[in-house]
Each structure stands twice: as C-alpha cells, then as structure tokens.
Amino acid sequence: AQSVTQPDIHITVSEGASLELRCNYSYGATPYLFWYVQSPGQGLQLLLKYFSGDTLVQGIKGFEAEFKRSQSSFNLRKPSVHWSDAAEYFCAVGADQAGTALIFGKGTTLSVSS
Amino acid sequence: GAVVSQHPSRVICKSGTSVKIECRSLDFQATTMFWYRQFPKKSLMLMATSNEGSKATYEQGVEKDKFLINHASLTLSTLTVTSAHPEDSSFYICSARRGLAGTDTQYFGPGTRLTVL
C-alpha cells in the first residue's frame, strides 16, 4: 500500500540549532516527493520537491532534503532554525511532479524555543 | 506566486443544513482543483479531483452525494456539504493546479474550518 510515515509527531528545537524531520514512504512506482509547511491561517506552502536528478534538493527558506532510495526516506533538514520556522510540516508523495494524487504523512509539529 | 483563496474561512452550522465552500484561484486559471479534508493531528486526505467543465472524480470512500463539487469556471470550484452532521466537522482545504498534469505544481488555499452542531 502507498503510504507516507512521519515518525515524529512533535519536535522542539532551540533557535539556531539544526533540524531534521524524518519521512519514510512506501510507493509502488517512481516516487515524486514533496515537503510542505502549514502555518495557521495560511495554505500549505511547497518547500521543495524531488522527482529525479541530484538526490539532495534545495528548497525555499533555507531547507533542503535528501532522497535515499535504499532507505525509502526523504528527510528534511535545515542547518539553523529560526523562530519563524515553527509550523506544521508535511511530507507527501505524488504521482507526478505537479503533485497529482498526493498522499500525505500525518505531519510533524515543529516548536522553536529561544 | 499563485494565490488560492477559500471562503468562508470558518463556518458553524446546524445539523441537517447544507454548507457551500468556495475555492478561487486569484491570479491564474486552474485547469484542475483538488479538495482535501484534514482531521486534527491527521494527514490531509484527498477527497476529490475536479476538472473545469467535467464531473469530479471522487476518491474511494468519499460520498459523492454528500460532498458535491462543482468546477464551473477556471477560477472557481465549490464544495457543498449536504445535510451536514457533526461527523462532517473538519478542516477542508482546496488546491489548484495551473498547468497540465505532470507540470507546474499545486497551490493550496488557507482552508475552511467547518463545525456542525
């Protein structure tokens, strides 16, 4: 079955510290992988996506993610977290690079402490 | 960037009534719009895909007679929750895709919080 697992429900990171949010997927075909961020009152915003090429992808707001096929993982990282990064983060897998038929993980809530 | 709006942002209704939620692409034409439902602490669940001028395609387990979707123009899709009940209370999110399948990306609306009393 196709699925996305985000093992961490809630993570707290100190401002300025590094961050890694985990994502594992199960998908029968070539996966198109996405990370979205959701802030209160705002729509989901695409941080980055991967569908081919370099397995380390750069996104907006200083985020990056690495695709590891052998581990079926697509973990999101940021070297230095800012207080404004506190939000809900969703990993998703889709049928194409436009995000058709997206399957989302349950999300990870990121809190940033000062 | 592309902007998608939803109206209303929050609605409270009595059990048995119908509620309409609008999703608009403000600065682009959306050939395809998607409707999702989000439960607390749960992932977004795709409910249906709608293409302008044609019937929506519903995901398995979603009642098409309960969740009526209309995509009458390239900038507007509506979701009507008919005869709403408390279990329909949820956060409904739409997204719009600008290009053809396989290109561009989805742009998400801010969501509509539905509470059925």
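Look a little higher up for the structure.
As a starting point, this report considers the structure included with it.

Some details on the pairing of strand S7 (residues 67-73) of chain B
Residue and element names in this part refer to chain B.
Logical step 1: Examined bridge by bridge, S7 and strand S8 (residues 76-81) share 5 bridges and lie antiparallel to one another. Counterpart to Phe-67 in the pairing with S8 is Val-81.
Logical step 2: In this structure, the hairpin formed by S7 and S8 is closed by a connection of 2 residues.

Quick look at the layout of surface pockets
Logical step 1: Approximately 440 Å³ is the volume found for the largest pocket.
Logical step 2: A:Gln38, A:Pro40, B:Gln38, B:Phe91 and B:Arg113 are the residues nearest the centre of the largest pocket, which is lined by 21 residues in total.
Logical step 3: Of all the elements, strand S10 (residues 87-94) of chain A adds the most residues to the lining of the largest pocket, at 3 residues.
Logical step 4: Its residues placed into classes, the lining of the largest pocket shows 7 nonpolar, 8 polar and 6 charged.

As for the state of the cysteines
Logical step 1: Summed over all chains, the structure comprises 2 disulfides over all chains.
Logical step 2: Residue pairing for A:Cys23: its cysteine sulfur links by disulfide to A:Cys91, the two sulfurs lying 2.0 Å apart. Here the disulfide of A:Cys23 and A:Cys91 is left-handed, its torsion about the S-S bond being about -65°. With A:Cys23 in the loop between strand S3 (19-21) and strand S4 (24-26) and A:Cys91 in strand S10, this residue pair connects regions lying 68 residues apart in the sequence.
Logical step 3: Covalent S-S linkage joins B:Cys23 and B:Cys94, the inter-sulfur distance amounting to 2.0 Å. Torsion about the S-S bond of the B:Cys23 and B:Cys94 cystine: about 80°, corresponding to right-handed handedness. Residue B:Cys23 is found in strand S3 (residues 19-25), and its partner B:Cys94 is found in strand S9 (residues 90-97); the two are separated by 71 residues along the sequence.
Logical step 4: You can call B:Cys23 buried: its relative accessible area is 0%.
Logical step 5: Taking relative accessible area as the criterion, B:Cys94 reaches 0% and is therefore assigned buried.

The rules we used
Residues numbered from 1 in each chain as written. Chains lettered and ligands numbered in written order. Predicted model: local features only at pLDDT ≥ 70, side-chain atom pairs only at ≥ 80, totals over all residues. Heavy atoms only, no water. Pairing = 2+ DSSP bridges. Helix = DSSP H or I, 4+ residues; strand = E, 2+ residues; numbered from the N terminus. 1 Å grid on protein atoms, 1.4 Å probe; cavity = no way out; pocket = protein on both sides within 12 Å on 5 of 7 lines; lining within 4 Å. Points joined across faces, edges and corners; volume = space filled by probe spheres on them. Nonpolar A, V, L, I, M, F, W, Y, C, P; charged D, E, K, R; others polar. Disulfide = S-S within 2.5 Å. Buried < 20%, exposed > 50% of the residue type's maximum accessible area, 1.4 Å probe, protein only.

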